[in-house]
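One-letter residues, chain by chain:
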Amino acid sequence: MKLLSYTHQGRTHFGALRGDEDIVALDGHGYDDLRAALEADALPALAKLAAMLPVSHRLADVRLLPPIPSPEKIICVGVNYGKRNEEYQDGSAPPAYPSVFPRFPGSFVGHGEPLLRPPESEQLDYEGEIAIIIGKAGRRILADDAWSHIAGLTCLNEGTVRDWIKHGKFNVTQGKNFDASGSMGPWMVTADEFDPAAPLTVTTRVNGELRQHDATDNLMFPFAELIRYISIWTTLQPGDVISTGTPIGAGVRFTPPRFLKPGDVVEVEVSGIGVLSNPVADETIASEQGAIHA
């Protein structure tokens, strides 16, 4: 089942995608949003509702949001595909533990919305990833039990302002959290649609050009290990997002670097989920006099 969050005529909804274009709205049936439905363990009931209710909206007529617009936590994993460590060319051994950092909900937009290049930098970059959405709360979750805590998976572009990740000696938070610099969606595909043992592929294209491609059987820290490790030090809650890392091929790794510019279109495709697509635009800011400038 594909579940999505969206706005239509100024109202926020969540629902299920039926076929390629029809949306069945599921809010108003006991849950205001998808996060609340996950907290209530209501996905089986919602699947039955989605099969019975009439179509509410057409996909082309709505504005998509990230599947969970306001998660409690977004935890991102760095340098997780096998070749990423080699990409740094620093001679270091593969890491013993995952590298993790937080992102804030406002740093993500939904499918079709523009990624904003801030006026403070021309180094906006892409990072195509697979994101886990937690469905069941847990602390110190065993790896063997990890899949039972997953509500579903989605596509994620972990957009990064490269020069700003170097501002801090021990963190990358600044460059990872510019408003509207990343995207998530178009929807969450529920966990029952996947075989936990089967690898997934993630592919990133910029203006149709292949930039990144890899499969989850090359992850240094698979999904289950990430859930095990992260849940040691924080309780995972329904709706929390774990972004699982990006393959080699980000724009910063080209010579010269190939950063995103206005007019570009970034696509992140994940097998079994679909394509997350976003144009790039310059952020406009209001001056103290109220004028708008880039």
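Residues numbered from 1 in each chain as written. Predicted model: local features only at pLDDT ≥ 70, side-chain atom pairs only at ≥ 80, totals over all residues. Heavy atoms only, no water.

1. Observations regarding the environment of Tyr81
If you trace the backbone, Tyr81 turns up in the loop between strand 6 (74–78) and helix 3 (82–87). Contacts of Tyr81, omitting those with residues within four sequence positions, involve Ile130, Val202, Asp214, Ala215, Thr216, Asn218, Leu219, Met220, Gly245, Thr246 and Pro247. (Helix = DSSP H or I, 4+ residues; strand = E, 2+ residues; numbered from the N terminus. Contact = heavy atoms within 4.5 Å.)

2. Considerations on the packing of aromatic side chains
How two aromatic rings sit relative to each other is set out by the distance from centre to centre and by the angle between their planes. Counted according to the given criterion, the structure contains 2 aromatic pairs. Judged by centre distance (6.0 Å) and plane angle (25°), the rings of Tyr97 and Tyr229 are stacked. A residue pair is termed long-range when its members are at least 10 positions apart, and Tyr97 in the loop between helix 3 and strand 7 (99–103) and Tyr229 in helix 4 (residues 223–233) qualify at 132 residues. The exposed category is assigned to Tyr97, whose relative accessible area is 55%. Note on Trp164 and Phe178: the rings are 5.1 Å apart at their centroids and 90° apart in plane angle, and the pair reads as edge-to-face. Here the residue Trp164 occupies a position in the loop between strand 13 (160–161) and strand 14 (182–190), and Phe178 occupies one in the loop between strand 13 and strand 14, the gap between them amounting to 14 residues. Residue Trp164 is classed as partly exposed on the basis of its relative accessible area of 24%. Since its relative accessible area comes to 15%, Phe178 is described here as buried. Of note, Arg211 hangs over the ring of Phe254, and the distance from its end group to the ring centre comes to 5.5 Å. A cation over an aromatic ring shows up here: Arg258 above the ring of Phe254, its NZ or CZ 5.0 Å from the ring centre. (Phe/Tyr/Trp six-rings, centres within 6.5 Å; stacked < 30°, edge-to-face > 60°. Buried < 20%, exposed > 50% of the residue type's maximum accessible area, 1.4 Å probe, protein only. Lys NZ or Arg CZ within 6 Å of the ring centre and 35° of its normal.)

3. Regarding the domain arrangement of the chain
Each domain of the chain was delimited in the assignment, giving domain 1 (2–64) and domain 2 (74–282). Summarising the inter-unit geometry, the C-alpha centres of domain 1 and domain 2 are found 25 Å apart. At the junction of the two partners, domain 1 supplies 11 residues and domain 2 supplies 15 residues. Summed over both partners, the interface of domain 1 with domain 2 comes to about 1100 Å²; 68% of that surface belongs to carbon and sulfur atoms. The largest per-residue losses of area from domain 1 upon contact with domain 2 belong to Lys2, Leu38 and Leu64, which jointly make up 52% of the total buried on that side. Where domain 1 meets domain 2, there are 1 salt bridge. Between Glu113 and Arg63 there is a salt bridge, with its nearest N and O atoms 3.2 Å apart. For the interface between domain 1 and domain 2, the tally reads 2 residue pairs in polar contact (both at pLDDT 80 or more). (Domains from an automatic or database assignment. Buried area = accessible area lost by both parts, 1.4 Å probe. Salt bridge = Lys/Arg side-chain N within 4 Å of Asp/Glu carboxyl O. Polar contact = N/O pair within 3.5 Å; in protein donor to acceptor, adjacent residues only side chain to side chain.)

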